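Here is how the chains run, residue by residue.
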Amino acid sequence: KAGVTQTPRYLIKTRGQQVTLSCSPISGHRSVSWYQQTPGQGLQFLFEYFSETQRNKGNFPGRFSGRQFSNSRSEMNVSTLELGDSALYLCASRSEGYEQYFGPGTRLTVT
Amino acid sequence: GENVEQHPSTLSVQEGDSAVIKCTYSDSASNYFPWYKQELGKRPQLIIDIRSNVGEKKDQRIAVTLNKTAKHFSLHITETQPEDSAVYFCAASSPRTYKYIFGTGTRLKVLA
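I will try to describe carefully the structure that is included in this document. A quick note: this is a predicted structure, and the numbers were derived from the prediction, not measured. (Residues numbered from 1 in each chain as written. Chains lettered and ligands numbered in written order. Predicted model: local features only at pLDDT ≥ 70, side-chain atom pairs only at ≥ 80, totals over all residues. Heavy atoms only, no water.)

### Brief notes about the overall build of chain B
Alright, step 1. A tally of regular secondary structure across chain B gives 0 helices and 11 strands.
Alright, step 2. Secondary structure elements of chain B, listed N to C terminal, follow the sequence β-β-β-β-β-β-β-β-β-β-β.
Alright, step 3. Relative to the compact-globule value of 13 Å for 112 residues, chain B shows a C-alpha radius of gyration of 13 Å, a close match.
Alright, step 4. For chain B, the spread of C-alpha atoms along the principal axes amounts to about 45 × 30 × 20 Å.
Alright, step 5. Out of the 112 residues belonging to chain B, those deemed buried represent 46%.
Alright, step 6. Considering only residue pairs separated by 6 or more positions, chain B has 54% of its internal contacts joining residues 24 or more positions apart.
Alright, step 7. Put simply, chain B shows about 5,700 Å² of open surface, and 46% of that area lies on carbon and sulfur atoms.
Alright, step 8. If the 14 positive side-chain charges of chain B are averaged to one point and the 12 negative ones to another, these points end up 6 Å apart. (Helix = DSSP H or I, 4+ residues; strand = E, 2+ residues; numbered from the N terminus. Rg over C-alpha atoms; globule rule 2.2 N^0.38 Å. Buried < 20%, exposed > 50% of the residue type's maximum accessible area, 1.4 Å probe, protein only. Contact = heavy atoms within 4.5 Å. Areas by Shrake-Rupley, 256 points an atom, 1.4 Å probe, with all protein chains shown as cover. Lys, Arg positive; Asp, Glu negative; His and termini not counted. Charge placed at Lys NZ, Arg CZ, Asp CG, Glu CD.)

Shown next, in the form of structure tokens:
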């Protein structure tokens, strides 16, 4: 099976702009989670979607939002970008079990 | 709130020695504990995991132990090799919340 894919891989945005990141899970996986990875904070949980429903949300401001489509693909949106949003954004998918597999990430740089 | 503490933050060992990384979790409902290895510029890779109904699991040179009473779990790597050099993350997951809480990572350096 193909692994988790994310697009784009790299992105440069300006403060105040918004950005949309995309994640395609492993075929058959209905759960998609998003994480923010920064050198100082490690892997921070953003939210998890299962069958188009958000099941849980981390402690991030409302500028961070997401959605999941009927084919399990997921998007994450960040509005009004701040310098501190510069990070590697990782998505991960899993099936009914516990094992979670990560995509390669989208490196977002906000200038 | 839910928290996972991971120690040490950096670890240097000589090739062939063993390495141990320890994690402590706070949510007593956690029942799944994976370990990920992340090499520079790459995605985290699942290397081993353990569920709360098991005390120990081994896969070749790596093993994980779990002490539910103390809420501790550890990663053990024996006969370390230079390719083991990476950042290792532990995590805890609860069926109650559907989310993984990650530790802050351990940078392991295996010196040749």
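### Overview of the pattern of salt bridges
All names here are of chain B.
Alright, step 1. Applying the stated criterion to the full structure yields 10 salt bridges over all chains.
Alright, step 2. Glu 2 is paired through a salt bridge with Lys 99; the nearest N and O atoms lie 3.3 Å apart. With Glu 2 in the segment before strand S1 (4–7) and Lys 99 in the loop between strand S9 (86–93) and strand S10 (100–102), this pair connects stretches of sequence that are 97 residues apart.
Alright, step 3. A relative accessible area of 32% means that Glu 2 is categorised as partly exposed. (Salt bridge = Lys/Arg side-chain N within 4 Å of Asp/Glu carboxyl O.)

### Brief notes about the interface of chain A and chain B
How big an interface is tends to be stated in terms of accessible area lost as the parts join.
Alright, step 1. Each side of the interface is counted separately: chain A has 19 residues, and chain B has 16 residues.
Alright, step 2. Between chain A and chain B lies a buried interface of about 1,800 Å² when both sides are counted; carbon and sulfur atoms form 55% of it.
Alright, step 3. In this structure, Glu 99 of chain A engages Arg 51 of chain B in a salt bridge whose closest nitrogen and oxygen atoms are separated by 3.6 Å.
Alright, step 4. Our count for the contact surface shared by chain A and chain B stands at 6 residue pairs in polar contact (both at pLDDT 80 or more).
Alright, step 5. Its residues assigned to classes, the side of chain A that touches chain B shows 10 nonpolar, 4 polar and 5 charged. (Buried area = accessible area lost by both parts, 1.4 Å probe. Polar contact = N/O pair within 3.5 Å; in protein donor to acceptor, adjacent residues only side chain to side chain. Nonpolar A, V, L, I, M, F, W, Y, C, P; charged D, E, K, R; others polar.)

### As for the side chain of Lys 99 of chain B
Alright, step 1. Classification of Lys 99 of chain B as buried rests on a relative accessible area of 12%.
Alright, step 2. Here Glu 2 of chain B takes part through its side chain, which lies 3.3 Å from a polar atom of the side chain of Lys 99 of chain B.
Alright, step 3. With near-sequence residues (within four places) excluded, Lys 99 of chain B lies in contact with Phe 45, Asn 56 and Lys 57 of chain A together with Glu 2, Ala 92, Ser 93 and Ser 94 of chain B.

### Considering the packing of aromatic side chains
Alright, step 1. With the rule as written, the count across this model stands at 16 aromatic pairs over all chains.
Alright, step 2. Plain terms: the ring middles of Trp 35 of chain B and Phe 73 of chain B are 5.6 Å apart, the flat faces sit at 65° to each other, and that makes the pair edge-to-face. Here the residue Trp 35 of chain B occupies a position in strand S4 (residues 32–38), and Phe 73 of chain B occupies one in strand S8 (residues 72–77), the gap between them amounting to 38 residues.
Alright, step 3. When its relative accessible area of 0% is taken as the criterion, Phe 73 of chain B is described as buried.
Alright, step 4. Three or more aromatic residues link up through ring pairs in this structure, and these residues are Tyr 35, Phe 45, Tyr 98 and Phe 102 of chain A together with Tyr 32, Tyr 36, Phe 89, Tyr 100 and Phe 102 of chain B. (Phe/Tyr/Trp six-rings, centres within 6.5 Å; stacked < 30°, edge-to-face > 60°.)

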